[in-house]
Each structure stands twice: as C-alpha cells, then as structure tokens.
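Structural overview
Residue strings, one per chain:
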Amino acid sequence: MAVLLLPLLSACTADPTAPAETPGPTAAHRLADSKALKLPLDEYLLTTIDAGELARGRDSIMRRCLGGLGAPYTPEARGSADIETNERRYGLADAELAKQHGYHVPDVPKTTEDYPSAIMPLVTGEATTYNGVPVPEGGCAGQAQRELHETDLQGALALPQKLNMESYLKSQKAPAVVKATEAWSACMKESGHTYPDPLAAINDKEFSAATPATHEKEVALADVLCKQKVNLIGIWSDAESEYQRFAIEANKNVLAEPLAAKQKTMAAAKAAAGQ
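Everything numeric in this text was worked out from a predicted model, so none of it was measured.

Brief notes about the packing of aromatic side chains
- Tallied over the entire structure, the rule returns five aromatic pairs.
- Three or more aromatic residues joined by ring pairs make a cluster, and in this case those are Tyr90, Tyr168 and Trp236.

As for the side chain of Arg88
- Tracing the sequence through the fold places Arg88 in the loop between α1 (48–68) and α2 (95–101).
- Although buried, Arg88 forms no salt bridge, and the nearest oppositely charged side chain, Glu87, lies 5.3 Å from it.
- Of the polar contacts made by the side chain of Arg88, one reaches the backbone oxygen of His104; its length is 3.5 Å.

Remarks on the pattern of salt bridges
- Using the criterion set out here, one finds 10 salt bridges in the structure.
- As a salt-bridge pair, Lys229 and Glu190 come within 3.8 Å of each other at their nearest N and O atoms. You can see Lys229 sitting in helix α9 (residues 214–230) and its partner Glu190 sitting in helix α7 (residues 175–190), a full 39 residues away along the chain.
- Judged by relative accessible area, Lys229 falls into the exposed class, the value being 56%.
- Overall, the relative accessible area of 63% leaves Glu190 in the exposed class.
- Across the pair Asp223 and Lys227 runs a salt bridge whose closest N-O atoms are separated by 2.5 Å. Here Asp223 pairs with Lys227, and both are found in helix α9, just four residues apart, close to one helical turn. For the pair formed by Asp223 and Lys227, the shared burial category is buried.

Concerning unusual backbone geometry
- Despite not being glycine, Asn131 shows a phi value in the positive range, around 55°.
- With respect to the element layout, Asn131 can be found in the loop between β1 (129–130) and β2 (133–134).
- With a phi angle near 55°, His149 is a residue other than glycine that sits in the positive phi range.
- Its location among the elements puts His149 in the loop between α4 (139–147) and α5 (150–156).
- A relative accessible area of 24% means that His149 is categorised as partly exposed.

Points about the nonpolar core
- Grouped together as the largest cluster of nonpolar side chains are 33 residues, with contacts concentrated most on Tyr90, Leu92, Tyr103, Trp184, Met188 and Tyr195.
- Apart from the residues lying within four places of it in its own chain, the contact partners of Trp184 are Tyr195, Pro196, Asp197, Pro198, Ala201, Asp223, Cys226, Lys227, Val230 and Leu232.
- Of all hydrophobic cores here, the second largest spans 18 residues; its members include Leu54, Cys65, Tyr115 and Cys140.

Considering the side chain of Lys227
- For Lys227, a relative accessible area of 1% translates into the label buried.
- Side chain to side chain, Lys227 and Asp223 meet in a polar contact 2.5 Å long.
- With residues near it in sequence (within four places) discarded, Lys227 still touches Tyr90, Gly91, Leu92, Trp184, Pro198, Leu232 and Ile233.

Brief notes about the packing of α1 against helix α11 (residues 256–272)
- Running from N to C, α1 and α11 cross one another at 50°; their axes reach a closest spacing of 7 Å. The angle between α1 and α11 places the two elements in the oblique class. Viewed along their axes, α1 and α11 form a crossing whose handedness is left-handed. Contact residues: Asp50, Glu53, Leu54, Gly57, Ser60 and Ile61 in α1; Lys262, Thr265, Met266, Ala269, Lys270 and Ala272 in α11.
- Here the residues of the contact of α1 with α11 are counted per class, giving five nonpolar, three polar and four charged.

Side note on the state of the cysteines
- Evaluation of the coordinates by the stated rule reveals two disulfides.
- In this model, Cys65 is linked to Cys140 through a disulfide, with the two sulfur atoms separated by 2.0 Å. Note on the Cys65 and Cys140 pair: the S-S dihedral is about -80°, so by sign convention the disulfide is left-handed. Linking Cys65 in helix α1 with Cys140 in helix α4, this pair joins segments that are 75 residues apart in sequence. The burial state of Cys65 is the same as that of Cys140; both residues are buried.
- The disulfide partner of Cys187 is Cys226, and the gap between their sulfur atoms is 2.1 Å. Of note, the bridge from Cys187 to Cys226 carries an S-S torsion of about -80° and is left-handed in sense. You can see Cys187 sitting in helix α7 and its partner Cys226 sitting in helix α9, a full 39 residues away along the chain. Pair check on accessibility: Cys187 and Cys226 agree, each one buried.
- If you count the bonded cysteines of the protein chain from the N-terminus, they pair up as 1-2, 3-4.

Scoring rules and cut-offs
Residues numbered from 1 in each chain as written. Predicted model: local features only at pLDDT ≥ 70, side-chain atom pairs only at ≥ 80, totals over all residues. Heavy atoms only, no water. Phe/Tyr/Trp six-rings, centres within 6.5 Å; stacked < 30°, edge-to-face > 60°. Helix = DSSP H or I, 4+ residues; strand = E, 2+ residues; numbered from the N terminus. Buried < 20%, exposed > 50% of the residue type's maximum accessible area, 1.4 Å probe, protein only. Lys, Arg positive; Asp, Glu negative; His and termini not counted. Salt bridge = Lys/Arg side-chain N within 4 Å of Asp/Glu carboxyl O. Polar contact = N/O pair within 3.5 Å; in protein donor to acceptor, adjacent residues only side chain to side chain. Core = buried A, V, L, I, M, F, W, Y, C linked by side-chain atoms within 4.5 Å. Contact = heavy atoms within 4.5 Å. Axes fitted to C-alpha atoms, helices over the stretch in contact; angles between N-to-C directions. Parallel < 35°, antiparallel > 145°, perpendicular 65-115°, else oblique. Left-handed = near helix turned anticlockwise from the far one by under 90°. Nonpolar A, V, L, I, M, F, W, Y, C, P; charged D, E, K, R; others polar. Disulfide = S-S within 2.5 Å.

No statement about biological role is implied by the geometric values presented.
This is how it looks when you write it as structure tokens:
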C-alpha cells in the first residue's frame, strides 16, 4: 500500500506558547531530495538513527537479561527501514523509487521480532522465577524499558511531537508553500494528472493495491519531477524550519525536559550496546 511517511505526529495536552503564525519572507534554498533533510525539532525527537541505536541497546539488554536467567537467546539482526526521518515528510521525492515502486515503500528484509514461545514468559514477566532465579518485574522487556528510561522518554516527547505536527500543518498554509503547491499542481496537469497537492496524489485510493501499477509509477515520477521543477521541497522545508525555530524559541524552557530525556535514553542505549 502506498504510505505517506511522516515523523510521529501525535497530540498532547500541553499548552505551549503559540509560535508565530507566518514565517517571514526568505529566499528558499533549492532541495531536490528530502532524504538528508534535517529540521530544527529533530534534535528533540527520535530520528531514524536514534531509533536504530535504541533498538540495538534494547536488544543488548534483553540478551544480558535472558542470559542471566539461564535462557540465552540472541535476537536476529534487525533489518533497516531504509527510510530517513524526513524523507517522505512532503511526499515522495526520489525519482528512482518512483520509477520502480510508485508511491509504495520498497520491501526490506524483515526479521522476526517475537521471541520463541518457550522464553516469552521471561520476556513479558509472566514467569516470576526461572531455574530458581527471580525474573525482573515486567520480565526482561520491563528491565530494558527501565534501564533505557523509556517511560520517562515517551512522556517527555509529547510536546515536541505536538509542535512537530503543528509546524507541518501550519507550513502547508504558508503563502510561499501555497504558491509552490499551485505551481506543482499546474505542472502535474501538464503531465496529464490532476491533483491539488502532493498529499492528494500519494493518498490516491487507486494506489492502494498491494503492488504498484504502471499508472501509479507514472504519476509518482511526474510528482517528483514537478517537485524538483518548482522547488517545492526546498520552499516547504524552509517555511517549516522557520515555524519550528519560532516554536523552539517560544518553548525553550519546557523543551529542556524532552531534550534531557532523549539524551539520557540515547546515552543508556549506546552504553548498553557497548558504543
């Protein structure tokens, strides 16, 4: 299925000072591909790289915990999602992927994340002892969660996730982005495809089949080429970056907590993985 991948866009109950409504006029830099795109709020969120490091740290703790219980097990190496943090934030941006996969996310090797049924009680904490050894509260998964301070991190990330969602939605309405989107739509129409914006194209129900058809690939390629022609990604990312800088400045005191929580978790994950 075609999937629009955005960073986590979840709401929270915090009521931060609202960032400025409209970014000032700036000369947008040209950006043809968003794979390496970094946004100001990334520092406060879990990026693709962060998530990988966190998974490796968790796996290391699980191995140590299970080994200590006399039930050694080594999880298989995890396959990479191969999609960068902001790669599809503004829709598809890779012409080669468009030609081969349309809007579909390429398949990547998947590993079995479930543990063998024989040791699952040790993972979840359903068993309280094993071989006469006490099982940690919540099992080895609970132990990993505590060592990585994940409960604290999840709560702390609520505000930056909220700001991340707000900046995306507000940037859609920025005058420069609206103008660039209209230019993109006109470009698409010249190619024989009628869509008001890139989100309408990537979420077209016609493209929800298990595999991409020829027409989907044609639309996806035109989409990417039109983005490049009108510099939509450069303009949109510049506008959103400015919204995010406003939001960070307006919330700099309360954002210290999620930043510290992320740093604490990532340090623990790297230490667990021996980095």
